[in-house]
Amino acid sequence: MSASQWGSPTAPKKALLIHGLTACSSSWEGVAQLLALTGFFVVAPNLLGHAWRRGTDYRVSTLAEDLLPYFVKDISYDVVIGHSLGGAVALSLLPFLPKTKEVTVILLDPPLEIEGTTELYKSWFLNEVANVKTAEELADDLGWSRRDCVLHILGVSMCDRTTVEGVFLHNRPWSFGSLFKNIPPHVKITVLASDPKAGAVCLPEHVPSDVKRLNVRVLPGIGHCIHYERPDAIIDAIQLPRAKL
């Protein structure tokens, strides 16, 4: 297994963080530190095709199945967070979440229904891995901290066009909204969506409005990488005391 960890393995609470396309486990550094400060043991796996991991099948269901070793020996999580592609993977893991306690699932701008725009997104990601920006360029363009810029570049540098092409090729049609239909009674899901004016991938109309234990919140002025721009919103969604930011 390939993953990053924060906090003590004996901590009373556990969190599983799932990164997005072209990212890596280290991209969760900011959020993971906040969770560790509030008493969590945090685990962030590297998805197939990322952080030099090789794969041949990039279906979301396969990416999820690859994470099942993180659930062996009755390992359970109090919180599961997925960003972008990782949000779709998190939804695919719902049947494997613990059935004996409440679980909070947070999806950060997940690409639920993008079938009409997949070629646009694929081109964007292919350009990202072919022309990796510097930390200074990312900071100037997006206003992220130097730490987050460096960790974002690390993820992009350890991913290649084969993974990008495979993800879009193997997930046709791109539609994952149906995974909300059977939310287990012990699971509560919050979708944090980016501002459509700032490049949101998840639009409110993509999220079912008649499903129990499912809430949606749009973050005005916030772009796709919510974990870089508004880690406090994630902590609020978990309903934990805020650590010092």
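Note: the structure precedes this text.
Below or above, wherever it landed, is the structure these notes cover. Predicted model, so just to flag it, every value in this text is computed and none were measured.

Cut-offs applied
- Residues numbered from 1 in each chain as written.
- Predicted model: local features only at pLDDT ≥ 70, side-chain atom pairs only at ≥ 80, totals over all residues.
- Heavy atoms only, no water.
- Buried < 20%, exposed > 50% of the residue type's maximum accessible area, 1.4 Å probe, protein only.
- Helix = DSSP H or I, 4+ residues; strand = E, 2+ residues; numbered from the N terminus.
- Pairing = 2+ DSSP bridges.
- Right-handed = clockwise from strand over helix to strand, strands pointing away.
- 1 Å grid on protein atoms, 1.4 Å probe; cavity = no way out; pocket = protein on both sides within 12 Å on 5 of 7 lines; lining within 4 Å.
- Points joined across faces, edges and corners; volume = space filled by probe spheres on them.
- Nonpolar A, V, L, I, M, F, W, Y, C, P; charged D, E, K, R; others polar.
- Salt bridge = Lys/Arg side-chain N within 4 Å of Asp/Glu carboxyl O.
- Phe/Tyr/Trp six-rings, centres within 6.5 Å; stacked < 30°, edge-to-face > 60°.

1. Observations concerning the pairing of strand 3 (residues 40-45)
Move 1: The element strand 3 is extensively covered by neighbouring structure, given that 6 of its 6 residues are classed as buried.
Move 2: Side chains of strand 3 alternate between two faces, with Phe-40, Val-42 and Ala-44 and Phe-41, Val-43 and Pro-45 buried alike.
Move 3: Relative to strand 3, strand 1 (residues 3-6) runs antiparallel, the two sharing 4 bridges. Residue pairing in the sheet places Ser-4 in a bridge with Ala-44 of strand 3.
Move 4: In terms of strand pairing, strand 2 (residues 13-18) meets strand 3 through 4 bridges, oriented parallel. Across the sheet, Lys-14 pairs through a bridge with Phe-41, a residue of strand 3.
Move 5: Handedness of the β-α-β unit built from strand 2, helix 1 (residues 29-37) and strand 3 comes out right-handed.

2. Looking at the layout of surface pockets
Move 1: The computed volume of the largest pocket comes to approximately 890 Å³.
Move 2: Forming the walls of the largest pocket are 39 residues, and the residues nearest its centre are Trp-124, Phe-125, Glu-128, His-224 and Cys-225.
Move 3: Ranked by residue count, the leading element in the lining of the largest pocket is helix 4 (residues 118-130), at 6 residues.
Move 4: Partitioning the lining of the largest pocket into residue classes produces 23 nonpolar, 12 polar and 4 charged.
Move 5: Here the second largest pocket defines a volume of roughly 190 Å³.
Move 6: Along the walls of the second largest pocket sit Met-1, Ala-3, Gln-5, Lys-14, Ala-15, Phe-41, Val-43, Pro-69, Tyr-70, Ile-75 and Tyr-77, which together make up its complete lining.

3. Some words on the pattern of salt bridges
When the charged atoms of two side chains lie near each other, side chains of opposite charge can form a pair.
Move 1: Taken as a whole and assessed by the stated rule, the structure comprises 11 salt bridges.
Move 2: When the shortest N-O distance is used, the salt bridge between Arg-146 and Glu-136 registers 3.2 Å. Taken together, the residues Arg-146 in helix 6 (residues 146-157) and Glu-136 in helix 5 (residues 135-142) connect sequence positions 10 residues apart.
Move 3: Take Arg-146: its relative accessible area is 55%, and that puts it in the exposed class.
Move 4: The exposure class of Glu-136 is partly exposed, given its relative accessible area of 48%.

4. Some words on the packing of aromatic side chains
Move 1: Following the criterion strictly, the structure yields 6 aromatic pairs and no others.
Move 2: Ring centres of Trp-124 and Phe-125 lie 5.1 Å apart, and the angle between their planes is 90 degrees; this geometry places the pair in the edge-to-face category.
Move 3: Residue classification places Trp-124 among the exposed residues on the basis of a relative accessible area of 52%.
Move 4: Overall, Phe-125 belongs to the buried group, its relative accessible area being 12%.
Move 5: Between Phe-168 and Trp-174, the aromatic rings sit 5.5 Å apart at their centres with planes inclined by 35 degrees, giving tilted as the arrangement. Both residues of the pair, Phe-168 and Trp-174, count as buried.
Move 6: Ring pairs connect the aromatic residues Trp-124, Phe-125, Phe-168, Trp-174 and Phe-176, which therefore count as one cluster.

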